[in-house]
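# Report on the structure
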Amino acid sequence: MFLRNYVVAPVVNLVCRPTVIGLEHVPAHGPAILASNHLSVPDSIFMPVAVPRQVYFLAKSEYFHTPGIRGRIVATFFRAINQIPMDRRGGRASAAALSAGGQALAEGKLVGIYPEGTRSPDGRLYRGKIGVARLALETGAPVIPVAMIGTDKMQPLGSRFPDPRRARITTVFGEPMDFSHLTSRHGDHPTMRRVTDEIMAAIAELSGQETADVYAADHKRRLAEEKSASFRAQARDVAQATRDRGRAMTDAVSQQAGELGAKLQGRPRGGTDERGPGGTA
């Protein structure tokens, strides 16, 4: 909160002048889940800056386990700002991270989560993972849908640093969604799927994004596979073209050698020609 109040927030508000809508929907006390779309890295800066309370984010575990000096610095920073490592592989690993989020909610904290699980590769809103519903149904905490608008323009995919001149950022908080009447069904997958879809629909309404009924991670994996396949096809085409040029050059050299050999064979031996004495034919 010291970093937020006296370092990050003053700089962000002065330089970027973000707009915040619906902040009254975020409770001043008690547990709540902030479920946000995820367009770009600055999402994790602008949304916490907009909220006067400390937000405990479920952050991808890669931030905490990257090797090297830079990795240790990043891990220390994320721990210092109370980020909770989120293993995105699913199964027991993800369940452990969600349990940590549930513990934070049980302590009356404000927990932030990106239901898509990763940044959108193209600005669309992708299918939400059921972790957000699991948290809501296990704890009874209200879910506040959040829309980040403009962060993907401020720092497009592939850009190393954000540029405040590219876009103005808007953070929109929707009305709290209460699923406490479904806590007895927290282990029921169809129920969690339905709750997640309702949350994603609320986020889409706030953000105005086009929706995609696939997981962002799966779409990214498919794009990577297509890119890899395209690269391999291009490499094969280049190799084939190189082989074809090599054969053409070899054929040309062979043809020239054959023509030269034929000329040499057609010359009279001894260097004489068919002209008679005196140089006449």
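Everything below is about the structure printed above this text.
The model shown is predicted, which means the values in this text are computed figures rather than measured ones.

## Digging into the environment of Leu 58
- Within the fold, Leu 58 resides in strand β3 (residues 55-60).
- Residues Leu 58 and Ala 100, 42 residues apart in the sequence, show an inter-C-alpha distance of 8.9 Å.

## Quick look at the packing of aromatic side chains
- Under the defined criterion, the tally for this structure stands at one aromatic pair.
- Centroid distance Phe 57 to Tyr 114: 5.4 Å. Interplanar angle 25°. Geometry classified as stacked. Of the two residues, Phe 57 is situated in strand β3 and Tyr 114 in the loop between β5 (110-113) and β6 (125-126); the sequence distance between them amounts to 57 residues. Side by side, Phe 57 and Tyr 114 carry an identical accessibility label, which is buried.

## Remarks on the packing of helix α1 (residues 2-16) against helix α2 (residues 43-50)
- Taken N-terminus to C-terminus, the directions of α1 and α2 make an angle of 105°; their axes are 10 Å apart at the nearest point. Classified by the interaxial angle, the pair formed by α1 and α2 is roughly perpendicular. Contacts between α1 and α2 involve Arg 4, Val 8, Ala 9, Val 12, Asn 13 and Cys 16 from the first element and Ile 45, Phe 46, Pro 48, Val 49 and Ala 50 from the second.
- Of the residues assigned to the contact of α1 with α2, the class counts are nine nonpolar, one polar and one charged.

## Some points on the pattern of salt bridges
- Applying the stated criterion to the full structure yields nine salt bridges.
- Among the ionic pairs, Arg 221 bridges to Asp 218, the shortest N-O distance being 2.7 Å. Within this pair, Arg 221 and its partner Asp 218 are both found in helix α9 (residues 216-266), separated by three residues, close to a single helical turn.
- Classification of Asp 218 as partly exposed rests on a relative accessible area of 34%.

Conventions and cut-offs
Residues numbered from 1 in each chain as written. Predicted model: local features only at pLDDT ≥ 70, side-chain atom pairs only at ≥ 80, totals over all residues. Heavy atoms only, no water. Helix = DSSP H or I, 4+ residues; strand = E, 2+ residues; numbered from the N terminus. Phe/Tyr/Trp six-rings, centres within 6.5 Å; stacked < 30°, edge-to-face > 60°. Buried < 20%, exposed > 50% of the residue type's maximum accessible area, 1.4 Å probe, protein only. Axes fitted to C-alpha atoms, helices over the stretch in contact; angles between N-to-C directions. Parallel < 35°, antiparallel > 145°, perpendicular 65-115°, else oblique. Contact = heavy atoms within 4.5 Å. Nonpolar A, V, L, I, M, F, W, Y, C, P; charged D, E, K, R; others polar. Salt bridge = Lys/Arg side-chain N within 4 Å of Asp/Glu carboxyl O.

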